[in-house]
Amino acid sequence: MKTTQKVDWLGRPYEGYVVNTTFSPKNIEIISYCINRIDKEYGSAVFCMPPSSLHITLLDWIAPLVHYDGRNKQELFRKLSPSYCAALKQILKDQKKISVTFDTINASSTTIYLTGHDNGEFQTIRKKF
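On a predicted model such as this, the values are computed, not experimentally measured, just so you know.

### Thoughts on helix H1 (residues 25-42)
Phase 1 of the analysis: For H1, with 18 residues, the first-to-last C-alpha span of 25 Å sits near the 26 Å given by 1.5 Å per residue.
Phase 2 of the analysis: Within H1, the full set of buried residues consists of Ile31, Ser32 and Ile35. Angular distribution of buried residues about the axis of H1 spans 110°; they occupy a single face of the element. Exposed residues pointing more than 90 degrees away from the buried face of H1 are listed as Lys26, Glu29, Tyr33, Arg37, Lys40 and Glu41.
Phase 3 of the analysis: Where H1 is buried, its residues contact strand S4 (112-117).

Here it is, written out as structure tokens:
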């Protein structure tokens, strides 16, 4: 069986600009229950995200763990954000609530995460962006 491994990014500051959405209050409650059980079982051996950090990633504008040939991420964001924000605002202007069905709990050597599916709305937004 593969064991877990420490990650070098945990507890360190990283700069990134991402577009996320939150879970419904009911899903936060369910996920928090699972996280609390993991925390009680494994304690400090596993870093458990606080409920306020739970999210669904839509896309990375400027990814936190990527280096852009030494370019300053704040400068990149200042340069790109007006067009990025305008494009995303246009894409999302008529967007209705997206329903996601989470069906799998995955565990890699560094992360425990959920996967699910929608009706293609998230990918459509990504493609349009």
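### Overview of the pattern of salt bridges
Phase 1 of the analysis: Inspection of every chain in the model, using the stated rule, returns three salt bridges.
Phase 2 of the analysis: Of the charged contacts, one joins Glu29 and Lys26 as a salt bridge, the two residues approaching to 4.0 Å between their closest N and O atoms. Residue Glu29 and its partner Lys26 are located together in helix H1, separated by three residues, close to a single helical turn.
Phase 3 of the analysis: In this structure, Glu75 and Arg78 form a salt bridge, with 2.5 Å as the shortest nitrogen-oxygen distance. Within this pair, Glu75 and its partner Arg78 are both found in helix H2 (residues 73-92), separated by three residues, close to a single helical turn.

### Examining the layout of surface pockets
Phase 1 of the analysis: Taken as a whole, the second largest pocket holds about 400 Å³ of empty space.
Phase 2 of the analysis: For the second largest pocket, the lining is made up of 19 residues, of which Thr21, Thr22, Lys97, Ile98 and Phe122 are closest to its centre.
Phase 3 of the analysis: Within the residue set of the lining of the second largest pocket, elements represented by two or more residues are strand S1 (17-21), strand S2 (56-62) and helix H3 (121-128).
Phase 4 of the analysis: Per-element accounting of the lining of the second largest pocket gives the leading share, three residues, to S1.
Phase 5 of the analysis: The residue makeup of the lining of the second largest pocket, split by class, is ten nonpolar, seven polar and two charged.

Calculation notes
Residues numbered from 1 in each chain as written. Predicted model: local features only at pLDDT ≥ 70, side-chain atom pairs only at ≥ 80, totals over all residues. Heavy atoms only, no water. Helix = DSSP H or I, 4+ residues; strand = E, 2+ residues; numbered from the N terminus. Expected span 1.5 Å × (residues − 1). Buried < 20%, exposed > 50% of the residue type's maximum accessible area, 1.4 Å probe, protein only. Arc of directions from axis to C-beta. Contact = heavy atoms within 4.5 Å. Salt bridge = Lys/Arg side-chain N within 4 Å of Asp/Glu carboxyl O. 1 Å grid on protein atoms, 1.4 Å probe; cavity = no way out; pocket = protein on both sides within 12 Å on 5 of 7 lines; lining within 4 Å. Points joined across faces, edges and corners; volume = space filled by probe spheres on them. Nonpolar A, V, L, I, M, F, W, Y, C, P; charged D, E, K, R; others polar.

These results come straight from atomic positions and should not be treated as a statement about function.
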